[in-house]
Every structure is written in C-alpha cells, then in structure tokens.
Amino acid sequence: MTQHGFPAGQSRARRASDDADVIVVGAGPGGSSAAYHLARAGLDVLLLEKSTFPREKVCGDGLTPRAVKQLVGMGITLEPADGWFPNKGIRIIGGGVRIELDWPELSSYPGFGLVRTRRGFDEIVARAAQRAGARLAEGVTVTGPVLDEATGRITGVTARDTAAGDGEKGAERTCRARLVVAADGNSSRLSLAMGLRKRDDRPLGVAIRTYYTSPRHDDDYLETWLELWDGNALLPGYGWIFGVGDGTSNVGLGLLNTSASFGNTDYRAMLRNWLATMPAEWGFTEETRVGPVRGAALPMGFNRTPHYTNGLLLVGDAGGMVNPFNGEGISTAMESGEIAAQVIVQALARPDRAGTELALQGYPQALRDAYGGYYTLGRKFVGAIGHPWFMKFATRHGLPRPTLMRFTMKLLANLTEPRGGDAADRVINALSRITPAA
C-alpha cells in the first residue's frame with residue numbers, strides 16, 4: 001500500500017491528469033480552503049472552477065475575524081498595500097441610535113476584520129491552494145457525477161472545458177477520484193444530481209449589492225442599518241455600507257424569508273429608496289454607481305443535508321452553511337473546507353474501505369459539533385425577527401445598552417473563546433452546547 005491507502009500504481013506521481021485522490025468542485029472560499037488543506041497533507045487534489053479568474057461574486061465583501069483567522073492559517077499576507085482594507089468593528093444604526101462596537105479581543109481570533117472585493121478575494125484563496133499543490137483547472141464546467149452502478153457511490157465527475165474567447169465547449173471528459181467535494185455554491189448542481197435538495201425548514205435570505213464612488217470608502221467600521229421598510233412594514237433584514245478603501249463603498253441590503261414580503265418585494269427599488277434617505281455628500285446616486293446591482297440567495301442553517309453521502313462531501317453554500325444570525329458565509333465556508341479536509345485525510349489513511357467510510361461518516365457530526373446548536377439558536381432568532389413588533393422592541397430597547405450590544409455582537413458574529421473567556425463567552429457557549437443540533 002502507498003500513502004493514504006492507495007494501491008501500488010495509483011500514487012499521485014503516476015495518476016492520469018484527469019484523476020486525483022480528491023476532486024473539489026468550485027474554487028470559491030470553501031472549495032479553495034478544502035483544496036489547500038488537502039494538498040498540504042500530501043493528497044493529489046484536482047480543483048475545478050467553471051469560471052476563470054478574476055471573477056465576480058455577489059457579496060458584501062466584509063470579512064469577520066473568523067475569516068481573517070482562516071486566511072492567516074493559509075499563509076496569505078494581509079497587508080493594506082496588497083489591497084486588504086482593515087476595519088475595527090461594526091457600527092450599528094437603528095431606532096435613532098448609533099453605536100460602534102469594536103471586534104472583541106480574543107486569544108482564538110484576531111481583533112480586526114477586513115474588506116476585500118470577491119473579484120480579487122476568491123482568486124487569492126484559489127492561488128494559495130494552487131501554491132500548496134492543488135491542481136487548479138479554470139474554465140471547466142462539471143456536468144454531472146460519475147457513479148458506481150452497483151453502489152450509487154460517486155467515483156468522479158464529467159466535465160467540459162470552455163474554449164477561451166469563442167464560447168465553444170470542449171468535449172466532455174471524465175475525471176475520477178476516491179472522494180468528491182461539492183463546493184459549487186447555493187445551487188450546487190452536483191448535490192442535486194446526487195439527490196440532495198434544499199430543506200424548506202431552514203431559513204433563506206436574499207442579498208443585493210452594488211458599488212458607489214464615495215468619500216466613505218475609507219470608513220474603518222462595517223456599517224449596518226437595522227431598519228428596512230417596505231412602505232409601513234418593517235422587514236427582517238439589514239442594510240450595509242462597507243468601505244472598500246479603493247475609492248468605492250459596497251452598499252447593499254439583505255432580507256430573510258420570514259417576512260411575508262419575501263419574494264414579493266422589488267429589492268432594487270427598496271435599495272434606491274433606502275439610499276435616497278442618505279446624506280447627499282455620501283454620493284450614493286446613479287451618477288456615482290459603479291457596475292450593476294446584483295443579487296444572490298443566502299442558504300442558511302444547514303439547508304442542504306446530509307453533508308456526506310456516497311463519497312460526496314458538501315462545504316460552504318452547497319451545504320447551506322451561511323450564518324443565520326448575520327448572513328455571513330465566507331468564514332463558515334472556509335472553516336467547513338478545513339473540517340472536510342481533516343476528515344478526508346484521516347479517512348483515506350485507513351487501510352480498508354470500511355474504515356474509510358466510518359471516518360467519513362464523522363463529517364456531519366463534526367459540523368454539528370462546530371455549528372449545530374448555534375445554528376439552531378440562529379433559526380430561532382430568524383423566526384423572532386420576522387415579527388415586526390420584535391424588531392421594533394429590540395431596536396428601541398437593545399441598541400441604547402452598550403453591554404447588551406457587545407454581548408449581541410459576540411453572539412451574532414460567533415466570536416467567543418472556546419474555553420473560559422468572559423461571562424458573555426460562557427453564556428453563548430453554554431447556550432450553543434445545550435441547544436439541540438436539529
């Protein structure tokens with residue numbers, strides 16, 4: 001046997017270029033994180049990305065300290081000269097109150113966040129995976145799974161190259177691997193092809209955003225506005241203004257499906273109406289808008305399960321891992337990629353298939369241990385803010401209380417010391433532990 005339990009003749013040095021130990025579909029933050037950690041462990045990883053870099057992705061571009069920790073762990077330098085724009089914390093506005101909350105000082109996470117546009121961010125993370133040894137193939141669209149007819153287990157994928165410049169598709173080819181990681185986003189066609197559909201009992205959000213040239217581009221706080229109105233109705237969601245540091249601000253809003261208006265709202269008109277209330281000197285006008293208004297779904301709280309089945313592991317948005325408390329998905333995508341890689345490395349080191357499968361079955365439990373109780377609390381939170389009276393009460397009575405808001409910030413951003421910490425850390429951790437991971 002060779003390393004990781006592969007029989008002689010199947011080592012990474014001898015394997016055909018379309019085959020690998022592990023195929024990762026999608027080079028977003030989750031897929032690239034998984035590929036990086038797998039490659040660092042010595043596995044042969046084929047990372048398939050349907051687009052070519054640089055590419056766009058709808059996002060607020062704000063990175064919490066949890067995401068910063070993942071970037072540091074991948075050896076990515078975060079100097080402002082390289083386009084990383086740091087921030088101190090979150091500014092919250094609502095109910096006539098304005099409060100600034102610095103990121104907490106913790107031993108487990110850095111005390112700063114970052115802003116970086118996804119057009120540059122995703123490529124940086126993918127290149128880190130490539131430097132670690134992953135084989136990145138851009139412009140490759142995965143068309144479906146390759147299945148073992150006897151067991152239904154995925155043994156690879158079929159894919160097509162898109163010829164550069166002429167839009168023509170190349171011939172379909174087959175790529176084989178012992179395991180496949182689906183990191184292909186919210187729609188996750190690979191998961192659907194394996195019979196894994198979204199769960200209707202999980203929260204879903206929608207976000208739209210665009211960019212404006214603005215004097216607020218160098219704001220060192222991520223600014224969130226808690227009051228979004230559809231006529232006289234207060235909606236569950238928030239607006240944001242994130243300075244990118246390059247002369248532009250990322251401006252957008254996110255809404256949850258716990259509102260009766262969800263799916264029946266003209267979100268672009270809502271964005272225009274909200275920005276019309278902003279001071280003119282901020283420059284959020286059609287004349288200063290840079291690029292189109294784009295929207296995307298936010299799959300929350302494990303809205304696609306199981307996270308492992310028949311040789312396929314789900315990470316990031318493919319597994320519905322967006323934080324239901326705040327709509328942030330980059331950190332959880334990268335964390336789940338690392339967790340998946342750790343499980344895979346251990347599984348493929350087992351000497352037989354039974355041992356490998358036993359180890360792989362531990363992946364969903366590892367995710368439940370990391371997020372299960374916390375996400376259950378998040379689903380309760382999402383249900384509560386769907387009631388306008390709760391939003392009004394929380395905004396009016398919560399924002400004026402700094403101690404309560406610091407606790408709330410730690411809860412919403414999932415920033416606590418795993419062990420010990422202050423009273424807020426201990427309460428949040430205890431709540432997450434005792435709450436069932438549904």
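The residue count restarts for each chain, going from 1 along the sequence in the order it is written. Predicted model: local features are reported for residues with pLDDT of at least 70 only, side-chain atom pairs are reported and counted for 80 or more only, and whole-chain, interface and lining totals are derived from all residues. The side-chain values count all of the structure's non-hydrogen atoms but skip hydrogen atoms and water molecules.

Our focus in this paragraph is helix α8 (residues 362-385). A rise of 1.5 Å per residue sets the reference length of α8, with its 24 residues, at 34 Å; its end C-alpha atoms lie 34 Å apart and thus fit the reference within 8%. A residue's bend is the angle separating two fitted axes: one through the seven residues that end there, the other through the seven that start there. The way it works is that DSSP assigns letters per residue, a run of H or I at least four long becomes a helix, a run of E at least two long becomes a strand, and they are numbered from the N terminus. Of all the bends in α8, the greatest measures close to 55° and is centred on Tyr371. Each residue after the first adds 1.5 Å to the expected span of a helix.

Moving on: the sheet that holds strand β3 (residues 62-63). Pairing within the open sheet is antiparallel, and its three strands lie in the order β3-β7-β4. Taken across any chain shown, the strands that pair with only one partner, and hence form the sheet edges, are β3 and β4 (85-87). For two strands to pair, DSSP has to find at least two bridges joining them. In terms of strand pairing, β4 meets strand β7 (residues 113-115) through three bridges, oriented antiparallel. Within β7, the position partnered with Asn87 by the bridge is Gly113.

Attention now goes to unusual backbone geometry. Of note, the amide linkage connecting Phe53 to Pro54 takes the cis form, showing an omega dihedral of -5°. Looking at the element boundaries, Pro54 is found in the loop between β2 (45-49) and β3. Between Thr305 and the following residue, Pro306, the backbone shows a cis peptide bond with an omega angle of 0°. Inspection of the secondary structure puts Pro306 in the loop between β18 (289-299) and β19 (308-309). One non-glycine residue, Asn310, adopts positive backbone phi at about 45°. Residue placement: Asn310 occurs in the loop between β19 and β20 (312-314). In this model, Asn414 sits at a positive phi of 55°, which is unusual for a non-glycine residue. Position of Asn414 relative to the elements: it lies in the loop between α10 (402-413) and α11 (423-434).

With that settled, the discussion passes to the nonpolar core. As used in this record, nonpolar core signifies buried Ala, Val, Leu, Ile, Met, Phe, Trp, Tyr and Cys residues forming a set joined through side-chain atoms within 4.5 Å. Buried means the residue's accessible area, taken with a 1.4 Å probe over protein chains only, is under 20% of the maximum for its type, while exposed means over 50%, and partly exposed covers the values in between. Counting residues in hydrophobic clusters, the biggest one holds 57 residues, and the most contacted among them are Val24, Leu38, Leu71, Ile344 and Tyr363. For this core, the leading source of residues is helix α6 (residues 330-348), giving 10 residues. Listed in part, the 28 residues of the second largest apolar core include Phe85, Leu106, Val244 and Val382.

Right, let's get into the packing of α6 against α8. The interhelical angle for the contact between α6 and α8, taken along N-to-C directions, is 150°, at an axis separation of 8 Å. The orientation of α6 with respect to α8, classified from their angle, is roughly antiparallel. Considering the relative orientation of α6 and α8, their crossing is right-handed. Contact residues: Thr332, Glu335, Ser336, Ile339, Ala340 and Val343 in α6; Tyr363, Ala366, Leu367, Ala370, Tyr371 and Tyr375 in α8. Of the residues contributing to the contact of α6 with α8, the split by class is nine nonpolar, two polar and one charged. For every element, the axis is a line fit to its C-alpha atoms; helices are fit only across the contacting stretch, and the angle between N-to-C directions ranges from 0 to 180 degrees. Throughout, the term roughly parallel applies to angles under 35 degrees, roughly antiparallel to angles over 145, roughly perpendicular to angles from 65 to 115, and oblique to all others. Here is the rule for handedness: rotate from the far helix to the near one, and if that takes an anticlockwise turn smaller than a right angle the crossing is left-handed, while a clockwise turn gives right-handed. Any two residues having at least one pair of non-hydrogen atoms within 4.5 Å are treated as being in contact. Residue type decides the class: Asp, Glu, Lys and Arg count as charged, Ala, Val, Leu, Ile, Met, Phe, Trp, Tyr, Cys and Pro as nonpolar, and the leftover types, Gly among them, as polar.

Looking now at a nonpolar patch on the surface. Among the surface-exposed residues, Val427, Leu431 and Ile434 lie close enough to one another that they form a single nonpolar patch of about 270 Å² accessible area. Relative to the elements of secondary structure, Val427 occurs in helix α11. Judged by its relative accessible area of 41%, Val427 falls in the partly exposed class. A patch consists of residues whose relative accessible area exceeds 30% and which take part in no salt bridge; residues with like charges are grouped when within 9 Å of each other, and nonpolar side chains (Val, Leu, Ile, Met, Phe, Trp, Tyr) when within 5 Å. The accessible surface values rely on the Shrake-Rupley method and a 1.4 Å probe; as for residues, cover is taken only from the protein chains in view. By definition here, a salt bridge exists when the distance from a side-chain nitrogen of Lys or Arg to a carboxyl oxygen of Asp or Glu is within 4 Å.

In this section: α11. Between its first and last C-alpha, α11 extends 17 Å over 12 residues, near the 16 Å set by a 1.5 Å rise per residue. Residues of α11 that are buried include every one of Ala424, Asp425, Ile428, Asn429 and Ser432, and no others. Around the axis of α11, the buried residues are gathered within 120° of arc, so they sit on the same side. Exposed positions of α11 whose direction lies more than 90 degrees from the buried face are Arg433 and Ile434. In this structure, the buried side of α11 is in contact with α8 and α10. Taking the backbone nitrogen of Ala424 as reference, a side-chain oxygen 3.1 Å away marks Asp422 as the first, capping residue of α11. As used here, the arc is the angular range of directions from the helix axis to the C-beta atoms. In protein, a polar contact means a hydrogen-donor-capable atom and an acceptor-capable atom, both N or O and within 3.5 Å, with residues adjacent in sequence counting only if both atoms are side-chain atoms; elsewhere, any N or O pair within 3.5 Å suffices.

This paragraph deals with the sheet that holds strand β12 (residues 204-213). Two strands in a sheet stick together by hydrogen bonds in their backbones, pointing the same way (parallel) or opposite ways (antiparallel). In spatial order, the strands read β6-β5-β13-β16-β17-β12-β18; together these seven strands make up an open sheet with mixed pairing. Two strands bound the open sheet, and with one partner strand each, they are β6 (97-102) and β18. Averaged over neighbouring strand pairs, the angle between their axes works out to 20° when direction is ignored. Along the sheet, α10 contacts β5 (89-94) and β6; its crossing angle with β6, the most-contacted strand, is approximately 55°.

With that settled, the discussion passes to the pattern of salt bridges. Under the counting rule described, the total for this entry stands at 23 salt bridges. One salt bridge connects Arg199 with Asp201, and the closest N-O pair in it is separated by 2.9 Å. Across the pair Lys410 and Asp422 runs a salt bridge whose closest N-O atoms are separated by 2.9 Å. Taken as a pair, Lys410 in helix α10 and Asp422 in the loop between α10 and α11 lie far apart in primary sequence, 12 residues in all. What makes Lys410 buried here is its relative accessible area of 8%. The partly exposed category is assigned to Asp422, whose relative accessible area is 37%. What emerges from the salt-bridge pattern is a single network uniting Arg91, Arg98, Glu100, Arg216, Asp219 and Glu223.

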